[in-house]
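This is what each chain is made of:
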Amino acid sequence: MDEVTERQDSLEPWAHLWQPPGLPPRWVLWNAQPDTMVFDMELNIPACVDDTLRPEVLRRMRAAGVPETDDYPGRRCS
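Keep in mind that what you see is a predicted model, and the values were worked out from it rather than measured.

Asker: Honestly, the side chain of N31 in this entry has me stumped. Any pointers?
Answerer: Of note, N31 is situated in strand 1 (residues 27–32). Residue classification places N31 among the buried positions, given a relative accessible area of 15%. Here D70 takes part through its side chain, which lies 3.2 Å from a polar atom of the side chain of N31. Residues in contact with N31, not counting those within four places in the same chain, are T36, R62, E68, T69 and D70.

Shown next, in the form of structure tokens:
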């Protein structure tokens with residue numbers, strides 16, 4: 001198996017993240033310094049994305065038009 005095919009296979013669990021965003025979007029890119037996180041607006045938590053794959057996941061999400069913010073995108077905890 002070549003590296004490109006291997007990488008595609010390892011990205012498959014996160015493919016739902018770079019689908020065109022709905023209204024309101026479920027996924028937001030949160031630029032929380034020093035890292036950018038994928039934030040799940042429905043569950044109100046950062047999504048777990050493998051650190052080695054994060055750059056490619058973020059690239060694909062940005063290409064799909066997922067919203068991005070520097071401000072905390074979630075709801076306040078009760």
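Asker: So what exactly am I meant to see when it comes to the sheet that holds strand 2 (residues 35–40) here?
Answerer: Taking strand neighbours across the sheet as the criterion, the four strands line up as 3-2-1-4 in an open arrangement whose pairing is mixed. Of all the strands in the sheet, just strand 3 (45–46) and strand 4 (68–69) have a single pairing partner and so form its edges. Sheet analysis places strand 1 next to strand 4, joined by two bridges and oriented parallel. Within strand 4, the residue paired with W30 across the bridge is T69. Across the sheet, helix 2 (residues 54–64) is in contact with strand 1, strand 2 and strand 4; its angle to strand 2 comes to roughly 60 degrees.

What counts and how
Residues numbered from 1 in each chain as written. Predicted model: local features only at pLDDT ≥ 70, side-chain atom pairs only at ≥ 80, totals over all residues. Heavy atoms only, no water. Helix = DSSP H or I, 4+ residues; strand = E, 2+ residues; numbered from the N terminus. Buried < 20%, exposed > 50% of the residue type's maximum accessible area, 1.4 Å probe, protein only. Polar contact = N/O pair within 3.5 Å; in protein donor to acceptor, adjacent residues only side chain to side chain. Contact = heavy atoms within 4.5 Å. Pairing = 2+ DSSP bridges. Axes fitted to C-alpha atoms, helices over the stretch in contact; angles between N-to-C directions.

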